Each structure stands twice: as structure tokens, then as C-alpha cells.
Amino acid sequence: MSRFSRFVAFAAAVVVAASCSRTASVKGVVAGAPSSDIVVKQLNVNQYQVLDTVKTDASGKFSLKVDVAKGQPEFVYLFRGDRKIASLLLEAGDKVNVQTDTLGTCIVEGSEESLKLAAIEADYAAAKSEMIAISEKMMSADASEAGVLREQLSKSYIDYYRSRVLYIMQNSRSLTIVPVLFQNLSETLPVFGQATDAIFFKNAADTLETVYPESKYVKALRADASRRMTQMELLSKIASAPEVNFLDIELPDVNGQKVKLSDVHKKLTLVFFWSAEDVAQKMFNLDVLAPVYEAYKDKGFEIYQVSLDVDNGLWARVMREQNLPWTNVSDISGGASRYVSAYNLSKIPAAFIIGGDGLTNAPITNAASLRKILEKELK
């Protein structure tokens, strides 16, 4: 083999090795931080995970390697103490140079995605700073000035929201849109907090799945997008539903047939959320609900009982054993059920009465308390 041929073969091997690399290398310098500990953290979906601690030399230089699977870029952050001094979005095979200081003023070379990440973080910090400044002025402003400041605050939010929408549309194939979608300008003000923003989450997940199908960040985004779409669809159904004085429920019974609450609604309906895992709740069915139901069913009383058991087999078995004569349905989403939030459930069992006055909470603890309600409503 000629010298040239050997060189070509060697070069090809280097290229192949680089393309198959499962690491990213980072070299850099932290100005003003000689012989300092730099903590390397990786974003594990929604929390930081410490990967390593490296030490700068006498001139502030450091180097490190990060495991990065091909096709699964990682968000990696460098900290000195509690201060974040560099943000990186690393791909397998990246060779990145970082120049930063103890305040986090950072320049990155060798990673286009890291440059984008730095830019969106700078925009985010500027927007938060502007809104905080306006909010602080409002605290000491008089009524007329406060009105002007509120308009400024609203405009500041709208301008930033529109800029982020534009960013995710122009960078739909970049993982940097993921942190943008989850930004919060305050504890109670997410940038993308409107119900219809679910569409942005879904579109982002659809596109990123074609680029990074195995990324844990994309999988988490898909899960959140699905949750938001479900919520948006539920709100849409509520808005377009015929006017009723209670939120309808539609769930499968023990035979798998979906039954609507509105279809079984009588003069007075008890909506009862429970769990078949709880022995006390099972006994409540037999000792309280069954005899009262038998006494009042012909007077216009109905029960729509909702199981929040994730173990559908357990619930079905209890249904067969107890042979309850009223409507029983199940939501295997358990605590994640959309009806838990819709009915503002903090614990189960929980009872609601649908009668002439609409939907009301029902403080039912025993047969006597239930009979008292029925005697009043079913005159």
C-alpha cells in the first residue's frame, strides 16, 4: 500500500471513529478562578444531575468529557459554587471551547446549538429583568402611573411571547426550543400558559421526534404535549357543550361501554368518587349506599359511581362480588384523571349531588346524612 493510500485509510478511520464517538469534549478557561472546583451538571428532564467536578489549573483552564449518545444531545451546565457560568447543548463528537468568568459571561466555540442556548438564555434574562423592574415601580406608583405601568408590563409580556413563538417556529428542529417552551417569567406566569399553546407543544414534539426520536427531552415534551392537548380538548368540549349545571363525565363501565353522567341524570344524582382498594369504601357501598339506593331509586334517585383505581382488574372483581345495581364506571388514570382536576378532588371518597340547584358538594358520612339530603330534595 502506498503512503498516500495509507494516509487516506487512516483519515477515513479517524472520520468513522469521530462519527461513532459517544462523548463530547469541552476545554476552556474560567477567568478569575484559578485552582477552582467546577461542577458539571446535566439536565435530567426537569432537574439537574451532577456528572462530575473538575478543577481549573493555576491559569483557570479546565477540560472534561461528557458521555453523549449519538442522536441524543444533552443539556450540560457548568457551575462555580451556586452560580451557573456556562450552558451547553452537546452532541456526540462535539469539541467545544468555553471562555467564561465567575459572573457567567460566556463565549462558546464549536457548538452551534450551545450558541443558540446562550442566546435564548440571554433573551430570557433580559425579559425577566425588564418585567421585574416594571413590577417594582408599580409597588410605589400612584393610581394613574400604576395604570400606565400595567400596560407596559402587559406589552413587555406580549412582545416576549411573540418573540418566543417566532423562535420556536424558526428553530423547529433544534432542541433549544424545549427550554423555551417551559420558561416562566414568574412563579405564576409561564410564557406558554394559554390552553391553545398546547398546539405549539404538539407541533414541537412532532418535528423533534423526526430528528431525535430517542431523546429523553423529546419524550418528556411529547408527554407534556399530550397532557396539554387533552386539557385543551376538554376545555373546548366544555365551551361548546350544551348548557348544563354540572361538568359531564364519560367513562367505561365494567363491560367496557362508555356511559355519560348526563345520560343517567335523574331528579337527584349522587356522583361518588371512590377506590375499590379501600376496604372502608367497599363496606360503604354495602352498608350505606345499597340500602339507601333501594329505598329511594323509585323516587328519582340515581348513583353515578366513579372508580379511580389504576388496577382495573381489582375494580372489576369488586363489581362482580358486590353486584351493585347503580351505574359504575372506572378511570384507570387514577390520580392523573382529568376529572380529578375538573372536580377539584383533594381526596377520596368524594361526593357531589346533582339536583335542582345544580352541582353541590355533599357531606355524606353515613346513611343518615344521605337520607337527610334525599328527604329534602325528593319531596
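Just above, that's the structure.
These lines cover the structure that appears in this document, whether it is placed above or below. (Residues numbered from 1 in each chain as written. Predicted model: local features only at pLDDT ≥ 70, side-chain atom pairs only at ≥ 80, totals over all residues. Heavy atoms only, no water.)

## Focus: the pattern of salt bridges
A full pass over the atoms with the stated rule returns 13 salt bridges. In this structure, Arg 222 engages Asp 206 in a salt bridge whose closest nitrogen and oxygen atoms are separated by 2.5 Å. A residue pair is termed long-range when its members are at least 10 positions apart, and Arg 222 in helix α6 (residues 216-240) and Asp 206 in helix α5 (residues 198-211) qualify at 16 residues. Of the charged contacts, one joins Lys 219 and Glu 214 as a salt bridge, the two residues approaching to 3.6 Å between their closest N and O atoms. Judged by its relative accessible area of 48%, Lys 219 is partly exposed. For Glu 214, a relative accessible area of 47% translates into the label partly exposed. (Salt bridge = Lys/Arg side-chain N within 4 Å of Asp/Glu carboxyl O. Helix = DSSP H or I, 4+ residues; strand = E, 2+ residues; numbered from the N terminus. Buried < 20%, exposed > 50% of the residue type's maximum accessible area, 1.4 Å probe, protein only.)

## Let's talk about the packing of helix α2 (residues 112-140) against helix α3 (residues 143-170)
It is the contact of α2 with α3, at a shortest axis distance of 9 Å, that shows an interaxial angle of 170°. Taken together, the axes of α2 and α3 lie roughly antiparallel to each other. Between α2 and α3, the residues in contact are Lys 116, Ile 120, Asp 123, Tyr 124, Ala 127, Glu 130, Met 131, Ile 134, Ser 135, Lys 137 and Met 138 and Ala 146, Leu 149, Arg 150, Gln 152, Leu 153, Ser 156, Tyr 157, Tyr 160, Arg 164 and Tyr 167, respectively. Classifying every residue of the contact of α2 with α3 by side-chain character gives twelve nonpolar, three polar and six charged. (Axes fitted to C-alpha atoms, helices over the stretch in contact; angles between N-to-C directions. Parallel < 35°, antiparallel > 145°, perpendicular 65-115°, else oblique. Contact = heavy atoms within 4.5 Å. Nonpolar A, V, L, I, M, F, W, Y, C, P; charged D, E, K, R; others polar.)

## Some points on α5
With 14 residues, α5 extends 20 Å from end C-alpha to end C-alpha; this agrees with the ideal 20 Å at 1.5 Å per step. Within α5 the residues assigned to the buried category are Ala 198, Phe 201, Ala 204, Ala 205 and Leu 208. Axial view of α5: buried residues confined to an arc of 125°, hence all on one face. (Expected span 1.5 Å × (residues − 1). Arc of directions from axis to C-beta.)

## Considering the layout of surface pockets
By volume, the second largest pocket is sized at about 680 Å³. What lines the second largest pocket is a set of 23 residues, and nearest its centre among them are Leu 43, Tyr 48, Tyr 77, Pro 179 and Phe 182. Looking at the lining of the second largest pocket, the elements with two or more residues in it are β5 (74-80), α2, α4 (177-181) and α6. At six residues, α2 tops the list of elements feeding residues into the lining of the second largest pocket. Looking at the lining of the second largest pocket residue by residue, the class counts come to 15 nonpolar, four polar and four charged. (1 Å grid on protein atoms, 1.4 Å probe; cavity = no way out; pocket = protein on both sides within 12 Å on 5 of 7 lines; lining within 4 Å. Points joined across faces, edges and corners; volume = space filled by probe spheres on them.)

## Topic: α3
Between its terminal C-alpha atoms α3 stretches 41 Å, which fits the 40 Å expected from 28 residues at 1.5 Å a residue. Those residues of α3 hidden inside the fold are in contact with α2, α4, β9 (184-186), β10 (189-190) and α5.

## Some points on the sheet that holds strand β7 (residues 95-101)
Strand order in this open sheet of four strands is β4-β1-β7-β8, and the pairing throughout is mixed. In this open sheet, the two edge strands, each paired with only one partner strand, are β4 (61-67) and β8 (107-109). Averaged over all pairs of adjacent strands, the angle between strand axes in this sheet comes to 20°, irrespective of strand direction. Both strand β1 (residues 23-31) and β7 contribute to a ladder of seven bridges, which runs parallel. In the strand pairing of β7, Ala 31 is matched with Asp 101. (Pairing = 2+ DSSP bridges.)

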